[in-house]
Amino acid sequence: MKSAKNILEPEHRALKTAVLVLDECNTLSFASAVDPMRAANRLADRPAFDWDYVTATSDPAMLTSALTVPGTPLARLQSCDLMIVVAGFQLARHATPSLLAGLRRIAGTGATMAGIDGGPWLLAEAGLLNGYAATTHWEDLDNFATRFPDIDVRPDRFTVSGNRLTSGGAIPAVEMMLHIIAARHGAGFAARVSGLFLYEGAPEPTKPQSRTGAPHRHTPLTSKANRLMQASLDDPLPLASIADRLGTSPRTLQQQFRLRLNTTPQDHYLQLRLAEARRLVTDTDMPLMDVALATGFASQSSFARAFRTAHGLSARDLRHERSPHTHH
């Protein structure tokens, strides 16, 4: 095995990159890997990245948006400095012995291996994340940690661990690419690349993934409260105890939620629980009574009422009309 070259240090030479695109990946995840490289090349005096598209077989990859990406079959790829694995749905079908062997072969040349969205799963299946810290999409973190006990699983937006990089989804993947650009070409250059996307800088990579949007409206206090709520959806904390843990008063917490998020802490908490309930109803086969308990409702009837109010139809009807479950 060749010794790993550190790609995260200042370097003017173009980084030889292979973007392995798998069927059923999302367009935004694919673009998150590619567009920061394209933008960096546009801004740099000399190319910052030299990339090729790679596919699992000789067929083009078909994205979930029906776009197709032709590429070099993985078996024909000799080497690269960085391989970015972009995957989304149907991961078990993609984790073929030949794909996993191909990943191990490239890693064996000392290449840095990166995974986006479902990509970390495939790297993990190939045994390439054992002993490293890694993340994946928040929907899959618990399963990931159970399935791969030798990986230090983090809920971070993206994770850099030695020559392994993993991202939980498309937007953190942009941040991960900007991190590579900053390490190689300086923070000022990375900021200019970021500016091309009107992207105003990332939170810290170790900021846990949030299941709901609107991060920019949060204050440090409402953000911490939100995190406590996320961590306790099954057994909701009283407002007084949230305020107490954050060293503030319930009144201050109420004011900040009202001013910044135009809601009350109690209602915000309820919306988080109901969003998780909707996910469990549509994405899992968990019995509805268990969904109620997992999202902090003491009785089936209070759950049913709140769910219908929030989502416009009952949990039973929603489950009945959902399409067959295709995720991972």
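Scroll up to find the structure.
A brief structural summary. (Residues numbered from 1 in each chain as written. Predicted model: local features only at pLDDT ≥ 70, side-chain atom pairs only at ≥ 80, totals over all residues. Heavy atoms only, no water.)

**Remarks on the overall build of the protein**
Within the protein one finds 14 helices and 11 strands. Over its C-alpha atoms the protein spans a radius of gyration of 22 Å, differing by no more than 12% from the 20 Å that the globule rule assigns to 328 residues. Taking the principal axes of the C-alpha coordinates as reference, the protein spans close to 60 × 45 × 35 Å. Across the 328 residues that make up the protein, the buried fraction comes to 45%. For the protein, contacts bridging at least 24 residues in sequence account for 65% of all contacts bridging at least 6. With the model as given, the accessible surface of the protein reaches about 15700 Å², and the carbon-plus-sulfur share is 53%. (Helix = DSSP H or I, 4+ residues; strand = E, 2+ residues; numbered from the N terminus. Rg over C-alpha atoms; globule rule 2.2 N^0.38 Å. Buried < 20%, exposed > 50% of the residue type's maximum accessible area, 1.4 Å probe, protein only. Contact = heavy atoms within 4.5 Å. Areas by Shrake-Rupley, 256 points an atom, 1.4 Å probe, with all protein chains shown as cover.)

**Some words on the packing of aromatic side chains**
Tallied over the full model, the rule gives 6 aromatic pairs. Consider the rings of Phe-144 and Phe-148, whose centres lie 5.2 Å apart with planes at 65 degrees: the pair is edge-to-face. Side by side, Phe-144 and Phe-148 carry an identical accessibility label, which is buried. Within the aromatic cluster, the residues linked to one another by ring pairs are Trp-121, Phe-144 and Phe-148. The ring of Phe-297 carries Arg-273 above its face, with NZ or CZ at 4.4 Å from the centroid. (Phe/Tyr/Trp six-rings, centres within 6.5 Å; stacked < 30°, edge-to-face > 60°. Lys NZ or Arg CZ within 6 Å of the ring centre and 35° of its normal.)

**Quick look at helix α7 (residues 187-196)**
For α7, the set of buried residues is Phe-189, Ala-190, Val-193 and Ser-194. Burial along α7 is one-sided: seen end-on, the buried residues are contained in an arc of 145 degrees. Its buried side turned inward, α7 meets α1 (27-43) and α6 (170-185). (Arc of directions from axis to C-beta.)

**Some words on the packing of α1 against α7**
At a closest axis distance of 9 Å, the pairing of α1 and α7 adopts a crossing angle of 115 degrees. Classified by chirality, the crossing of α7 by α1 is right-handed. The residues of α7 that touch α1, namely those facing Pro-36, Ala-39, Ala-40, Arg-42 and Leu-43, are Phe-189, Arg-192, Val-193 and Leu-196. Class assignment for the residues of the contact of α1 with α7 results in 7 nonpolar, no polar and 2 charged. (Axes fitted to C-alpha atoms, helices over the stretch in contact; angles between N-to-C directions. Left-handed = near helix turned anticlockwise from the far one by under 90°. Nonpolar A, V, L, I, M, F, W, Y, C, P; charged D, E, K, R; others polar.)

**Points about the side chain of Thr-295**
You can see Thr-295 is positioned in the loop between α12 (288-294) and α13 (300-311). Exposure remark for Thr-295: the relative accessible area of 0% places this residue in the buried category. Filtering out sequence-adjacent residues up to four positions away, Thr-295 remains in contact with Leu-233, Asp-234, Arg-273, Glu-276, Ala-277, Leu-280 and Phe-303.

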